[in-house]
Amino acid sequence: MNEDVLIEEGLRDWAQEARVPADLADRALRARRRRRVGLTGFGAVLVAAAVTAVVTLVPGASPERTIVAVAPTRAASPAPTTVHSDVENDPPLNLVAAGPWAVGSYYSTEWADTGRGTETLRYTWSVYSQAEGRYVRTPFQWLDVLPGMRQAAVIEGDLPSRRIGVVDLTTMAITRWFDLEEAAGSVFWSPDGSKLVATTYSAPPDEQKWLDEERTSATGLPKSRTGFYVIDMNAETMTWRPLPPDTDNMNGREDLRWDDDNTRLWAAKISGGGRWLYDTEGTPLGAEEDYPRRMNEAGVSPNGRLRAGPAGLPTRITDVETGEVVGRQRMLQLWAWVDDDHLIGLGCARDCDDEFESALVMVSVDGEETVQLASYRDSRTSWRPVLVRR
Amino acid sequence: MDSAAELRFREFVAARSPALMGLAYLLTAGDQHAAEDLVQSSLVRALAKWDRIDDPEAYLKRVMYHQHVSLWRRAFRRHETTVAEPPEKGADDATRTVELRLALREALATLTRRQRAMLVLRFYEDLPEEEIARLMGCSVGTVRSTTHRSLAKLRSADLRELTR
């Protein structure tokens with residue numbers, strides 16, 4: 001008997017030993033009903049809780065950066081409870097969402113020559129168009145979706161750029177332009193949508209002078225942050241304040257974002273994973289050492305009882321009071337709480353043999369229930385999702 | 001889902017359960033409980049779009065491979081099964097075939113999910129390499145190298161004698 005035949009027959013023989021339960025159809029129908037019921041009824045809690053989702057850029061392809069989609073103080077009520085996945089398209093075309101969260105936009109990057117011996121990142125952003133009911137590619141170099149997914153702030157032209165716009169996602173028309181004197185490398189909404197903060201730079205914020213072809217090491221370039229604009233959408237005023245680079249920071253990009261209070265601004269603190277806080281005049285308000293969002297962590301659950309642990313396979317969730325581990329999940333990262341029992345995060349492919357091959361997944365606290373939301377992709381080189389309250 | 005669709009679903013499951021369970025059983029290396037879970041969770045997924053699936057069996061198989069290999073149902077309970085020890089060597093041809101099959105199972109159970117799935121696709125489903133690559137989301141080269149490594153691992157187990 002040759003090897004192929006032995007394996008074929010051996011497998012067939014073995015497969016026949018499986019017992020076939022008579023109630024498989026019933027079980028599936030029951031489970032489906034349970035699953036649909038299980039995802040309702042958590043909206044009200046989340047509306048009050050200002051949870052925020054974050055997306056990590058895995059180091060290796062681009063400088064470390066964190067993208068935060070902040071939660072609104074007034075969210076849709078009741079919050080959506082449905083789950084939408086698109087595992088067929090890579091990147092997704094159809095809405096990807098779980099409970100109150102959606103992938104509002106996603107982007108990919110590639111290194112582009114600056115013509116002076118350095119390279120910088122060029123972005124390709126796609127955004128969920130309410131007009132077309134699918135994700136559409138945009139020409140912008142930066143994009144930030146306002147919670148509710150009806151507007152996006154964008155930057156037109158190579159970064160840093162002097163032109164910021166606002167796109168109405170229900171018509172895909174640009175409704176406002178802001179011309180700046182200082183060029184901006186990023187723009188973010190305040191959670192309530194009343195203000196924008198745009199961080200300004202004197203050179204491309206992602207610029208690197210690589211020392212090798214694999215882009216693993218780079219020489220330090222002068223850091224280029226110059227300050228920031230606060231744009232008041234209602235008063236239509238624009239104020240620029242200087243803010244020099246953080247001397248500890250290794251990266252050129254040092255973006256400012258709004259805190260959940262719509263008042264303070266923050267920037268990532270490179271050492272320790274915390275954040276620097278500022279008022280809108282640029283006056284330092286001190287540092288916060290433990291800020292889960294800075295490290296792309298879901299933090300504490302909406303009901304305040306559970307804490308999602310740090311990134312790294314396997315992830316775990318602990319009881320806030322007792323410190324007891326209440327669940328482990330075969331996940332790489334936990335980004336945001338969907339409700340008190342489910343989270344959205346990054347799950348790895350296969351047996352997790354390649355940490356960069358990952359997909360957006362909804363997982364239960366006990367790790368038993370997983371729902372893949374989007375296709376698998378190489379997180380270093382492919383598209384990267386940004387979550388927003390929908 | 002209306003009652004006609006539910007009826008179609010029930011008829012399909014009744015007719016194809018043996019094939020689906022057999023596949024799931026192999027993928028889970030002979031773990032009855034895990035195989036039932038795998039079939040059930042795949043059926044739940046199929047239910048979500050039952051009206052739009054042209055070929056339910058092909059769809060379900062794809063979901064099963066995907067769920068079992070790419071996902072990680074049941075985080076920490078490894079479903080690697082311990083199979084019975086092969087009997088003492090010797091005896092007649094029939095005994096030797098049984099012996100080899102037990103050794104094969106034991107060896108298959110030591111493979112990774114991905115390795116095992118590729119062998120199942122290749123030898124049980126009899127799929128061409130291109131189709132396996134498409135299903136597993138990898139290149140044909142990866143299919144070849146993984147299959148090659150898996151077979152080498154089988155051979156290094158108790159199957160050394162299998163072609164003798």
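Residues numbered from 1 in each chain as written. Chains lettered and ligands numbered in written order. Predicted model: local features only at pLDDT ≥ 70, side-chain atom pairs only at ≥ 80, totals over all residues.

**Observations concerning the overall build of chain A**
Part 1 of the reasoning: Scanning chain A from terminus to terminus reveals 3 helices and 29 strands.
Part 2 of the reasoning: The burial tally for chain A puts 45% of its 390 residues in the buried class.
Part 3 of the reasoning: A separation of at least 24 residues holds for 48% of the contacts in chain A among residues at least 6 apart in sequence. (Helix = DSSP H or I, 4+ residues; strand = E, 2+ residues; numbered from the N terminus. Buried ≥ 20, exposed ≤ 12 C-beta atoms within 10 Å, placed from the backbone. Contact = placed C-beta atoms within 7 Å.)

**Some thoughts on the overall build of chain B**
Part 1 of the reasoning: Secondary structure assignment for chain B yields 7 helices and 0 strands.
Part 2 of the reasoning: The order of helices and strands in chain B, counted from the N terminus, is α-α-α-α-α-α-α.
Part 3 of the reasoning: The buried share of chain B, reckoned over its 164 residues, is 41%.
Part 4 of the reasoning: Contacts spanning at least 24 positions in sequence make up 63% of the contacts within chain B whose residues lie at least 6 apart.

**Points about the interface of chain B and chain A**
Part 1 of the reasoning: Contact residues are listed per partner, giving 42 residues for chain B and 40 residues for chain A.
Part 2 of the reasoning: When residues in the side of chain B that touches chain A are grouped by element, the largest group, 11 residues, is from helix α1 (residues 3-27) of chain B.
Part 3 of the reasoning: Looking at the side of chain B that touches chain A residue by residue, the classes come out as 25 nonpolar, 9 polar and 8 charged. (Nonpolar A, V, L, I, M, F, W, Y, C, P; charged D, E, K, R; others polar.)

**Notes on the sheet that holds strand β12 (residues 195-201) of chain A**
Residue and element names in this part refer to chain A.
Part 1 of the reasoning: Across the sheet, which stays open at both edges, the 7 strands sit in the order β8-β9-β10-β11-β12-β15-β16 with antiparallel pairing between neighbours. Each end of this open sheet is capped by a strand with a single partner; those strands are β8 (142-145) and β16 (237-242). When strand polarity is set aside, the average angle formed by the axes of neighbouring strands in this sheet is 25°.
Part 2 of the reasoning: Across 7 bridges, β12 lies against strand β15 (residues 225-232) in antiparallel orientation. Opposite Thr-199, over in β15, you have Phe-228 as the bridge partner. (Pairing = 2+ DSSP bridges. Axes fitted to C-alpha atoms, helices over the stretch in contact; angles between N-to-C directions.)

**Notes on the confidence of the model for chain A**
Part 1 of the reasoning: Considering every residue of chain A, the mean pLDDT works out to 82; 85% of them sit at 70 or more.
Part 2 of the reasoning: Here residues 37-76 of chain A is a poorly scored stretch, pLDDT under 50, and it has 111 contacts once near neighbours within four places are set aside; other chains count. (pLDDT = per-residue confidence, 0-100.)

**Quick word on the pairing of strand β6 (residues 119-129) of chain A**
Every other side chain in a regular strand lies on the same face of the sheet, so the side chains alternate between the two faces.
All names here are of chain A.
Part 1 of the reasoning: Bridging between strand β5 (residues 101-113) and β6 involves 9 bridges; their strand directions are antiparallel. Bridge pairing links Tyr-107 to Trp-125 in β6.
Part 2 of the reasoning: With antiparallel pairing between neighbouring strands as the criterion, β5 and β6 make up a hairpin whose turn holds 5 residues, including Gly-115 at a positive phi of roughly 90°.
Part 3 of the reasoning: For β6 and strand β7 (residues 134-137), the ladder comprises 4 bridges, and the chain directions are antiparallel.

**Structural notes on the confidence of the model for chain B**
Residues and elements named next belong to chain B.
Part 1 of the reasoning: Per-chain confidence: chain B averages 74 in pLDDT, with 75% of residues scoring 70 or above.
Part 2 of the reasoning: Low pLDDT, under 50, characterises residues 71-91; the stretch is placed with 41 contacts to residues that sit more than four places away or in other chains.
Part 3 of the reasoning: Interface confidence for the predicted complex, given as ipTM, is 0.81, next to a pTM of 0.59.

**A word on the nonpolar core**
Part 1 of the reasoning: Judged by nonpolar contacts, the single largest core of 82 residues is most densely connected at Ala102(A) and Ile344(A).
Part 2 of the reasoning: If sequence neighbours within four positions are ignored, Ile344(A) has contacts with Ala98(A), Trp101(A), Trp335(A), Ala336(A), Val338(A), Leu360(A), Met362(A) and Leu387(A). (Core = buried A, V, L, I, M, F, W, Y, C linked by C-beta atoms within 7 Å.)

**Observations concerning the sheet that holds strand β23 (residues 325-329) of chain A**
All names here are of chain A.
Part 1 of the reasoning: Spatial strand order, β21-β22-β23: 3 strands in an open sheet with antiparallel pairing. Either end of the sheet is taken by a strand with one partner, and the two such strands are β21 (306-308) and β23. Pairwise comparison of adjacent strand axes, ignoring direction, gives a mean angle of 20° for this sheet.
Part 2 of the reasoning: Here strand β22 (residues 315-319) runs beside β23; their pairing, made up of 4 bridges, is antiparallel. Across the sheet, residue Arg-316 finds its bridge partner in β23, namely Arg-328.

**A word on the environment of Asn94(A)**
All names here are of chain A.
Part 1 of the reasoning: With respect to the element layout, Asn-94 can be found in the loop between β3 (83-84) and β4 (97-98).
Part 2 of the reasoning: Among the residues examined, Asn-94 registers 16 C-beta atoms within 10 Å and is labelled partly exposed.
Part 3 of the reasoning: Separated by 10 residues in the primary sequence, Asn-94 and His-84 have C-alpha atoms spaced 8.2 Å apart.
Part 4 of the reasoning: Once residues within four sequence positions are removed from consideration, Asn-94 is found in contact with His-84, Asp-86, Asn-89 and Arg-134.

**Here's the deal with unusual backbone geometry**
Part 1 of the reasoning: With omega at 0°, the peptide bond leading from Asp90(A) into Pro91(A) counts as cis.
Part 2 of the reasoning: Residue placement: Pro91(A) occurs in the loop between β3 and β4.
Part 3 of the reasoning: If you check the backbone angles, Asp126(B) has positive phi at about 60° while not being a glycine.
Part 4 of the reasoning: Structurally, the position occupied by Asp126(B) is in the loop between α5 (113-124) and α6 (129-136).
Part 5 of the reasoning: Residue classification places Asp126(B) among the exposed residues on the basis of 9 C-beta atoms within 10 Å.

**A word on the packing of helix α1 (residues 3-15) of chain A against α5(B)**
Part 1 of the reasoning: Axis separation between α1(A) and α5(B) bottoms out at 9 Å; the angle between their running directions is 100°. In terms of their interaxial angle, α1(A) and α5(B) are classed as roughly perpendicular. Contacts between α1(A) and α5(B) involve Asp4(A), Ile7(A), Glu8(A), Leu11(A), Arg12(A) and Ala15(A) from the first element and Leu119(B), Val120(B), Phe123(B) and Tyr124(B) from the second.
Part 2 of the reasoning: Each residue belonging to the contact of α1(A) with α5(B) can be placed in one class, and the counts come to 7 nonpolar, no polar and 3 charged. (Parallel < 35°, antiparallel > 145°, perpendicular 65-115°, else oblique.)

**Regarding the pairing of strand β10 (residues 161-168) of chain A**
Residues and elements named next belong to chain A.
Part 1 of the reasoning: Sheet analysis places strand β9 (residues 151-156) next to β10, joined by 6 bridges and oriented antiparallel. Opposite Ile-155, over in β10, you have Ile-164 as the bridge partner.
Part 2 of the reasoning: Sheet topology places β10 next to strand β11 (residues 173-189); 7 bridges connect them, and they run antiparallel. For Asp-168, the partnering residue across the bridge sits in β11 and is Ala-173.

**Focus on the environment of Leu277(A)**
Residues and elements named next belong to chain A.
Part 1 of the reasoning: Here Leu-277 is to be found in strand β19 (residues 275-278).
Part 2 of the reasoning: Leu-277 gets classed as partly exposed once you count the C-beta atoms within 10 Å, which come to 18.
Part 3 of the reasoning: Each C-alpha atom, one on Leu-277 and one on Arg-264, is 6.7 Å from the other, the two residues being 13 residues apart in sequence.
Part 4 of the reasoning: Ignoring anything within four residues of it in the chain, the contact list for Leu-277 reads Arg-264, Trp-266, Leu-285, Gly-286, Ala-287 and Glu-288.

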